[in-house]
Amino acid sequence: MKLWPYLGALAPLLLWTGPAAAGEDPPVTIDTHVDIPLAYMHEPRFDAGHDTPLQVDLGKMERGGLNAAFFVIYVEQGPLNAKGYAKAVAQARRKYEDIHLLVQRYPRRIKLATTPEQVIANRKAGVLSAMIGIENGYSLGHDLKNMDWVFAQGARYIGLTHVGHNDLCTSSMPTAELGDPPLSDAGLSAFGKQVVERANRLGIMVDVSHSSDACVRDVLALSKAPVIASHSGAHALVNHPRNLPDDLLRAIAAKGGVVQAVAYKGFLKLDPGRELAEKALQAQVAKQAGDKQYDSEKHDFLPAYVQGMARIDKAFPLPTLDDYLAQIRHMVDVAGIDHVGIASDFDGGGGIDGWRDASQTRNVTAALRKAGFSDADIAKLWGGNLLRVWRAVEQTADAPAR
Ligand SMILES: [Zn+2]
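What counts as what
- Residues numbered from 1 in each chain as written.
- Predicted model: local features only at pLDDT ≥ 70, side-chain atom pairs only at ≥ 80, totals over all residues.
- Heavy atoms only, no water.
- Salt bridge = Lys/Arg side-chain N within 4 Å of Asp/Glu carboxyl O.
- Helix = DSSP H or I, 4+ residues; strand = E, 2+ residues; numbered from the N terminus.
- Buried < 20%, exposed > 50% of the residue type's maximum accessible area, 1.4 Å probe, protein only.
- Axes fitted to C-alpha atoms, helices over the stretch in contact; angles between N-to-C directions.
- Parallel < 35°, antiparallel > 145°, perpendicular 65-115°, else oblique.
- Left-handed = near helix turned anticlockwise from the far one by under 90°.
- Contact = heavy atoms within 4.5 Å.
- Nonpolar A, V, L, I, M, F, W, Y, C, P; charged D, E, K, R; others polar.
- Donors = N, O, S within 2.8 Å, 3.2 Å for Na, K, Ca; no water.
- Pairing = 2+ DSSP bridges.
- Phe/Tyr/Trp six-rings, centres within 6.5 Å; stacked < 30°, edge-to-face > 60°.
- Lys NZ or Arg CZ within 6 Å of the ring centre and 35° of its normal.
- Domains from an automatic or database assignment.
- Buried area = accessible area lost by both parts, 1.4 Å probe.
- Polar contact = N/O pair within 3.5 Å; in protein donor to acceptor, adjacent residues only side chain to side chain.
- Core = buried A, V, L, I, M, F, W, Y, C linked by side-chain atoms within 4.5 Å.

### Here we look at the pattern of salt bridges
In the structure shown here, the tally under the stated rule is 19 salt bridges. For R105, the salt bridge goes to D47, with nearest N and O atoms at 2.9 Å. Linking R105 in helix 4 (residues 82-105) with D47 in the loop between strand 1 (30-34) and helix 3 (58-64), this pair joins segments that are 58 residues apart in sequence. Residue D47 is classed as buried on the basis of its relative accessible area, which comes to 6%. The partner of D247 in a salt bridge is R217, with the nearest N and O atoms 3.9 Å apart. In this pair, D247 sits in helix 9 (residues 246-254) while R217 sits in helix 8 (residues 213-222), placing the two residues 30 residues apart along the sequence. Using a relative accessible area of 44% as the deciding quantity, one classes R217 as partly exposed. If you follow the salt bridges from partner to partner, you end up with K265, R274, E278, D313, D353 and R356 in one network.

Following this line, the structure appears as C-alpha cells:
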C-alpha cells in the first residue's frame with residue numbers, strides 16, 4: 001500500500017493503459033482482415049508510416065501490440081462482363097502495388113510474410129508482418145492463370161465473393177441491382193471449383209466469408225485443405241446473412257479450419273436505426289460531393305462523413321467488447337478452441353467500442369483474459385489456430401510455398 005503515493009504521478013498512464021497492462025502479450029497477434037483505401041501509400045494522408053486517419057497504420061500496430069495483419073485486396077462486385085473484369089483486375093493490381101509499397105518504404109518496421117515461419121521470424125525480430133488476402137475472387141478477371149500471378153504477388157488467402165453473386169460462387173447477400181437471383185442450392189460455379197482446386201495446389205487458403213451457405217458447403221466438400229472464414233460472425237447470436245450458422249461452424253472445424261470472429265458492428269448487434277442513419281449520411285455525403293452514389297473508397301474520409309459518423313456513434317452506440325466476446329465464446333463452444341480466431345475488418349467498416357483501431361488491440365487480449373480464457377487459449381485465438389491452418393494448406397500444396 002505504501003507504493004500508492006509514488007503511483008500518483010503514474011495514475012493517468014495506468015488509467016490510460018488500463019486493462020491492457022494486466023498481462024503479457026500473446027506469442028503473436030494476427031488480424032486476418034484489414035482493408036486499405038485505393039489511394040493507400042500513394043497519397044500522404046494514407047501513408048501508413050505516419051499518423052493517418054486509418055484504423056490501422058504502423059504506429060497504431062506498434063503501440064497496440066498488433067503484430068501482423070492480412071491487408072486485403074478488395075474490389076466491389078460489378079457486372080460479369082469484360083469491362084467489369086478489366087476494372088476489377090486494374091483495381092486489384094493497384095492494391096497489390098500499395099501493399100508492396102508499404103513494405104518497401106518501411107523495411108525496418110514491417111515485412112511481407114508469405115509463410116507462417118516468416119510471421120514468427122518477424123515477430124522474433126520485432127518487426128511487423130504484412131500478409132495479403134483477397135476479398136472477392138472477381139478480381140481474378142475470370143482468368144485462372146491469375147491465380148498463379150496473385151500467389152506470386154504474395155496473396156495467401158482468397159475470399160471467393162463479396163456482396164453480390166460473382167463468377168465463382170453465390171454470395172450470402174445477393175444484390176438486386178446486379179440482377180442476382182435469390183439464394184438457392186447454387187454454390188460454387190465450374191470456375192469457382194477450378195479456383196478452389198488451384199488454391200489448394202498453390203497453397204492459398206480458401207476464405208468462405210461472404211459466401212452463401214450453399215457455397216460454403218460446396219467448398220468444404222471440394223477443398224483438399226482446411227478452409228478459413230477470414231471475418232465472420234455467429235448466426236445463432238445475431239440473425240444476419242453474413243453470420244455463420246452453427247452447423248457450418250462445426251463443419252469448418254471438422255475439416256480442420258478456422259473461423260475468425262469479426263469485430264464488425266452489424267454482425268454483433270442488430271441496430272436498424274443505426275443502419276438507416278448511416279444510409280442517410282452516405283446518400284447525403286455522396287450528394288454533397290456531386291456523386292450519384294455513395295462510394296466508400298471516395299467518401300469515407302471526407303470530413304462531413306467522419307463528423308456524421310461521430311454523431312451516429314453517439315445516437316446509436318457501437319457494440320462493445322462484451323458483445324464481441326459473446327460471439328467468440330459461442331464459436332468456441334460450438335466449434336472448439338482450436339477453430340476460432342480474431343479479425344477486425346478495420347478500414348472496411350469494422351471497429352467496436354473498446355477496439356476502435358489497432359492501437360487498442362491489447363484491450364481485446366485483456367477482455368479475453370477477463371472472460372476466463374487461459375494464456376494458451378488466447379495464443380490460439382490470436383493467431384496460433386490461423387498459423388496451423390496456413391501450414392496445413394502449405395502441406396497440401398504441390399510445392400512448398402516459398
Ligand atoms: Zn468483408
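### Topic: the packing of helix 8 against helix 9
Helix packing for two helices is described by the angle between their axes and how far apart those axes are. Helix 9 packs onto helix 8 with a crossing angle of 20 degrees between their chain directions and a minimal axis gap of 11 Å. By the angle between their directions, the pair helix 8 and helix 9 is classed as roughly parallel. Here helix 8 runs over helix 9; the crossing is left-handed. Residue-level contacts link D213, V216, R217 and L220 of helix 8 to D247, L248, A251 and I252 of helix 9. Partitioning the contact of helix 8 with helix 9 into residue classes produces five nonpolar, no polar and three charged.

### A look at the coordination of the zinc ion
Those donors, E135 (OE), H210 (NE2) and H231 (NE2), are the protein atoms that reach the zinc ion, and they lie 2.1 to 2.2 Å from it. Counting residues between consecutive donors of the zinc ion along the chain gives the motif E-x74-H-x20-H. Linking E135 in strand 4 (residues 128-135) with H231 in strand 7 (residues 228-234), this pair joins segments that are 96 residues apart in sequence. Note on H231: relative accessible area 1%, which makes it buried.

### Brief notes about the pairing of strand 7
The element strand 7 is largely enclosed, with a buried count of seven among its seven residues. Two strands pair when backbone bridges link them, and strand 7 and strand 9 (residues 258-262) are joined in this way by three bridges, in the parallel orientation. Its bridge partner being in strand 9, I228 is matched across the sheet by V258. With two bridges joining them, strand 7 and strand 8 (residues 243-244) adopt parallel strand pairing. Residue pairing across strands places A234 opposite L244, the latter belonging to strand 8.

### Regarding the packing of aromatic side chains
Tallied over the full model, the rule gives 11 aromatic pairs. Plain terms: the ring middles of F70 and Y157 are 5.1 Å apart, the flat faces sit at 40 degrees to each other, and that makes the pair tilted. Here the residue F70 occupies a position in strand 2 (residues 68-74), and Y157 occupies one in strand 5 (residues 155-159), the gap between them amounting to 87 residues. The pair F70 / Y157 is uniform in exposure class, with both members buried. Among the aromatic residues, those joined into a ring-pair cluster are Y324, F346, W355 and W382. In this arrangement the basic side chain of R93 is found over the ring face of W149, its NZ or CZ atom lying 4.2 Å from the centre.

### Considering the domain arrangement of the chain
Structurally, the chain comprises domain 1 (24-270 + 320-396) and domain 2 (272-315). A C-alpha centroid distance of 25 Å is found between domain 1 and domain 2. Facing the 13 residues of domain 1 at the interface are eight residues of domain 2. When the two sides are added together, the surface that domain 1 and domain 2 hide from each other amounts to roughly 710 Å², 51% of it contributed by carbon and sulfur. Linking domain 1 with domain 2 are two salt bridges, by the criterion used here. Residue K265 is joined to E278 by a salt bridge in which the shortest nitrogen-to-oxygen separation is 2.9 Å. Summed over the shared surface of domain 1 and domain 2, the result is two residue pairs in polar contact (both at pLDDT 80 or more). For the side of domain 1 that touches domain 2, a count of residues per class yields eight nonpolar, no polar and five charged.

### What to know about the nonpolar core
Among the nonpolar cores identified, the biggest contains 86 residues, and F71, L102, L160, Y324, I328, W355 and L368 are the most heavily contacted of them. Of all the elements, helix 14 (residues 321-335) adds the most residues to this core, at eight residues. Setting aside residues no more than four positions away along its own chain, W355 makes contact with D31, A263, L321, Y324, I342, A343, S344, F346, Q360, T361, V364 and W382. I30, Y74, M131 and M205 belong to the second largest nonpolar core, which has 19 residues in total.

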